[in-house]
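Structure at a glance
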Amino acid sequence: MASSSWFFDRAASAFRRNPSASKLLLVVAFTGSGGGLLALSDAKQQTVDVGSSEVENKKKKVVVLGTGWAGTSFLKNLKNPSYEVEVISPRNYFAFTPLLPSVTCGTVEARSIVEPIRKIVKKKSVDVRFCEAECISIDPVSKKVYCQSSQDTNLLGKEEFAVDYDYLIIAIGARSNTFNIPGVVENAHFLKEVEDAQRIRRSVIDCFERANLPTLSDEERKKILHFVIVGGGPTGVEFAAELHDHVTEDLGELYPIAKDFVKITLLEATDHILNMFDKRITAFAEEKFKRSGINLKTGSMVTKVTDKEISMKEIKSGELSSVPYGMVVWSTGIGTRPLIMDFMKKIGQSNRRVLATDEWLRVEGTGNIYALGDCATINQRKVMEDISAIFKKADKDGSGTLTVKEMQEAVNDIVERYPQVELYLKNNQMKNIAELLVEAQGDKTKESIELNIEEFKSALSQVDTQMKNLPATAQVAAQQGTYLADCFNRMEECERNPEGPIRFRGEGRHRFRPFRYKHLGQFAPLGGEQTAAQLPGDWVSIGHSSQWLWYSVYASKQVSWRTRALVVSDWMRRFVFGRDSSRI
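Here we summarise the structure given alongside this text. (Residues numbered from 1 in each chain as written. Predicted model: local features only at pLDDT ≥ 70, side-chain atom pairs only at ≥ 80, totals over all residues. Heavy atoms only, no water.)

Another point: the packing of helix H14 (residues 404-417) against helix H15 (residues 419-427). At a closest axis distance of 4 Å, the pairing of H14 and H15 adopts a crossing angle of 100°. Relative to H15, the element H14 is oriented roughly perpendicular. For the pair H14 and H15, the contacting residues are Ile414, Val415, Glu416 and Arg417 in the first and Pro419, Val421 and Glu422 in the second. Here the contact of H14 with H15 is built from residues that sort into 4 nonpolar, no polar and 3 charged. (Axes fitted to C-alpha atoms, helices over the stretch in contact; angles between N-to-C directions. Helix = DSSP H or I, 4+ residues; strand = E, 2+ residues; numbered from the N terminus. Parallel < 35°, antiparallel > 145°, perpendicular 65-115°, else oblique. Contact = heavy atoms within 4.5 Å. Nonpolar A, V, L, I, M, F, W, Y, C, P; charged D, E, K, R; others polar.)

Take the packing of aromatic side chains next. Under the criterion given, the structure shown has 21 aromatic pairs. Here the aromatic rings of Trp69 and Phe94 are separated by 5.0 Å at their centres, their planes lie at 85°, and the arrangement is edge-to-face. Taken together, the residues Trp69 in helix H4 (residues 69-77) and Phe94 in strand E3 (residues 93-95) connect sequence positions 25 residues apart. We note that Trp69, like Phe94, is buried. Joined through ring pairs, the aromatic side chains of Trp69, Phe94, Phe96, Phe523, Trp548, Trp550, Tyr551, Tyr554, Trp571 and Phe575 make up one cluster. Looking at Arg417, its charged tip hangs above the ring of Tyr418, at a distance of 5.4 Å from the centre. Taking NZ or CZ as reference, Arg574 lies 4.6 Å from the ring centre of Phe575, over its face. (Phe/Tyr/Trp six-rings, centres within 6.5 Å; stacked < 30°, edge-to-face > 60°. Buried < 20%, exposed > 50% of the residue type's maximum accessible area, 1.4 Å probe, protein only. Lys NZ or Arg CZ within 6 Å of the ring centre and 35° of its normal.)

Moving on: the sheet that holds strand E15 (residues 309-314). Spatial strand order, E14-E15-E16: 3 strands in an open sheet with antiparallel pairing. At either margin of the open sheet sits one strand with a lone partner, and together these are strand E14 (300-305) and strand E16 (320-324). Taking the axes of each pair of neighbouring strands and ignoring which way they run, one obtains an average angle of 30° across the sheet. Looking at chain direction, E15 and E16 are connected through 5 bridges and run antiparallel. Bridge assignment links Met312 to a residue of E16, and that residue is Ser321. (Pairing = 2+ DSSP bridges.)

Here the focus is the pairing of strand E11 (residues 226-230). Side-chain positions along a regular strand alternate between the two faces of the sheet. With 5 of its 5 residues buried, E11 lies for the most part within the structure. Sheet analysis places E11 next to strand E12 (residues 263-268), joined by 5 bridges and oriented parallel. Residue pairing across strands places Val228 opposite Thr265, the latter belonging to E12. With helix H10 (residues 234-254) bridging E11 and the parallel E12, this β-α-β connection has right-handed handedness. Bridge analysis of E11 against strand E17 (residues 327-330) gives 4 bridges, and the strand direction is parallel. Along E17, the bridge assignment pairs Val230 with Trp330. (Right-handed = clockwise from strand over helix to strand, strands pointing away.)

This next bit is on the side chain of Thr357. Within the element layout of this structure, Thr357 appears in strand E19 (residues 355-357). When its relative accessible area of 1% is taken as the criterion, Thr357 is described as buried. Among all residues touching Thr357, those that are not within four sequence positions of it are Arg362, Val363, Glu364, Ala371, Ala376, Thr377, Ile378 and Asn379.

Taking 1.5 Å of rise per residue, 17 residues should cover 24 Å, and helix H21 (residues 561-577) covers 24 Å from first to last C-alpha, within 8% of that figure. Every buried residue belonging to H21 is among Thr563, Arg564, Val567, Asp570, Trp571 and Arg574, and all of these are buried. What you see down the axis of H21 is that its buried residues fit within an arc of 130°, all on one side. Counted as exposed and oriented over 90 degrees from the buried face of H21: Trp561, Met572, Val576 and Phe577. (Expected span 1.5 Å × (residues − 1). Arc of directions from axis to C-beta.)

Taken together, the 6 bridges between strand E2 (residues 83-89) and strand E5 (residues 127-139) define a ladder with parallel strand orientation. Across the sheet, the residue bridging to Ile88 is Cys131, located in E5. Relative to strand E6 (residues 144-149), E5 runs antiparallel, the two being bridged by 6 bridges. Counterpart to Ile138 in the pairing with E6 is Val145. Between E5 and the antiparallel strand that follows it, E6, lie 4 residues; Lys143 among them carries a positive phi value of about 60°.

Take unusual backbone geometry next. Here the phi dihedral of Asn180 falls at roughly 60°; this positive angle occurs in a residue that is not glycine. Tracing the backbone through its elements, the reader meets Asn180 in the loop between strand E9 (175-176) and helix H7 (184-187). You can call Asn180 exposed: its relative accessible area is 73%. One non-glycine residue, Asp538, lies in positive phi territory at about 60°. For Asp538, the location among the structural elements is in the loop between strand E25 (530-535) and strand E26 (539-543). Taking relative accessible area as the criterion, Asp538 reaches 54% and is therefore assigned exposed.

Here we take up the pattern of salt bridges. A full pass over the atoms with the stated rule returns 32 salt bridges. Between Arg417 and Glu359 there is a salt bridge, and its shortest N-O distance comes to 2.7 Å. Linking Arg417 in helix H14 with Glu359 in the loop between E19 and strand E20 (369-371), this pair joins segments that are 58 residues apart in sequence. Grouping residues by exposure puts Arg417 and Glu359 together as buried. Linking Arg505 and Asp386 is a salt bridge whose minimum nitrogen-to-oxygen distance equals 2.5 Å. With Arg505 in the loop between helix H19 (491-496) and strand E24 (522-527) and Asp386 in the loop between strand E21 (376-378) and helix H13 (387-394), this pair connects stretches of sequence that are 119 residues apart. What makes Arg505 exposed here is its relative accessible area of 58%. Take Asp386: its relative accessible area is 2%, and that puts it in the buried class. (Salt bridge = Lys/Arg side-chain N within 4 Å of Asp/Glu carboxyl O.)

Structure (C-alpha cells):
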C-alpha cells in the first residue's frame, strides 16, 4: 500500500506540473492494478495523436464543386491521404443521368439511379467532408469559394459562408441551352436532373387524366395529348422512344378514351436526328420513328413557346407555323452556368463561351484550379503555334535542317503533346510521321530527306485541321475525373520524376502526360426493345441484340451494387408488370 500511495503522490505532483496529463491520470485511477502499464500505453498513443494532428494541419485542402460524373469519378479514384477534401454541391447524391429518360416513364424508379455521396466516400482512406450548398462565387486571388446553403431554413441564420482551398476542382456541369427563345424557361420541361424527370413523369400522367375527363371535346383532347420534344440528340430521341413505348404498352390500355388522340412530335433544327452517330444509325432511327407513328420534323427551328402553343420556322422555306401542345420537353444542348460566366470574367476569359483549360485540365490563367466535365473544354494547343520550338528541339545537331532520324527520335513527344498529329496521320492513312515528311519532299528516299524550317512548317500545316472539341457526355466527364485523381495521387512522385512530354518552349518535361479521351462507344435506344450501338472500329449494330448489350453496359456502369440491383430489378418488374402510371 505504501508503494501505491507513493505512486499516486508522484502522479499528483506530475499532474500539477503538466495539466495536459489529466487523461493519463484518469486512466490510471480507474484501472487500478496494472494501471501503470495501461497509462504508459495511453501516453504513447497520445504522443502519436499529437503528431498526426500536426501532419493533418499540413494537408493540402482540395475543394470539389459538384457531384456529377466528373466530381464523383474524381472522389472515387482519389487515394492519396495527404489531402483534405471538401465537396460542395446542392445535391447530396450522384445520379446516373443516362437513365433519366427511363425515369420519365417509370421504366426505372428515380431512387434506383441515385447514390448518396457520403456513402460513396465513407470507406475511403482520404479525409472527405461533404457540404450541401451551392457555390455562388469563386475568388481565385484569395483562394476562396463563397457558398450559400441549399436548405430552405437555416437555423444558424448564416445564409452565406466562405471556404478556403489550395486546389479547386470545378465540376458543376452545365445548364440547358434555351438560345434565349421566348417562353422556353417558363413553359418547357428540361431533362438534366432527377427532379426534371420526376416532373415530366407527373406531367405525362396529368395530361392523360385531364384528357380522360368526360366534359372535354375531341379537339381539346388532341391538344392536351400532343407531346412535343425539341432536340433530336440522344436524350430527345430516347425520351421520344420511351414515351411512345409507355403509351402503347401501358397508358393505352388504362386510358382507352384518350389513346387514339395521342401524338408525339420530335423537332430538330438540322436535316437529321442523331447527327453525332453513323449515318446508318441515323437513317434507321428516322425510318423506325416514322413506322412507329412519331411525327418527325427536321429543319424546323422553334421561335417561341407560350403556355398553349409552340411556334416554329421552316429553315429552308422560312414558313412560320404554330401548333397547340399538352407538354413540351426541351433537349437542345447545353449552356454555361452563371457562376462560370462570372468566374471567366475574373480570369480574363470573358470573350469565350465556355471555360477553357489546358491539356492537363488546369484552367487557363490559373495555377491551382481545374475544371472537368460539361462546364469546361480543353483548349488544345496548335502545332503551328509551337512549330519553331518543335523544330529547334528536334534539330539536336543544330544544323538548321531536320532529318527523318531526328524526327523519329522526337515523334513520341510530339504525338503525346499534340494528339492532332496522330489523328491526321490516321485519317490520311500514313503509318508514321516519316511518311508525312516523305510526302512533303516528293519522290526523295526516306534516308535522304532533310527539311529546313519552312519545309517543316509546310509539311505540318494541315495537322491542326483535325482538332475537335470533346463531346459533352458522361463518358468524357468520368474519364477526366479518373485522370485528375490519378494526377493528384502521384503529385509528389511526378514532381521528382516527371513523366510527361518534353516542354518544347522550355526545359525539362511536363509533370504528367496530358489527358487523352478514349471513346468506348455510344448507344441510342429507339424503343420497342431495339437499340443502336456504335462502338470503336466503326462497328455498328442495330436491333434487339444491341438492346441486351445496352442493358449489360448500363447495369455494369452503376456506381454501386445497390443501384445495380435496383436498376436490374426495375427492368424485370417492367417486363412482368409493366410501368407504373401512378401520379405520386
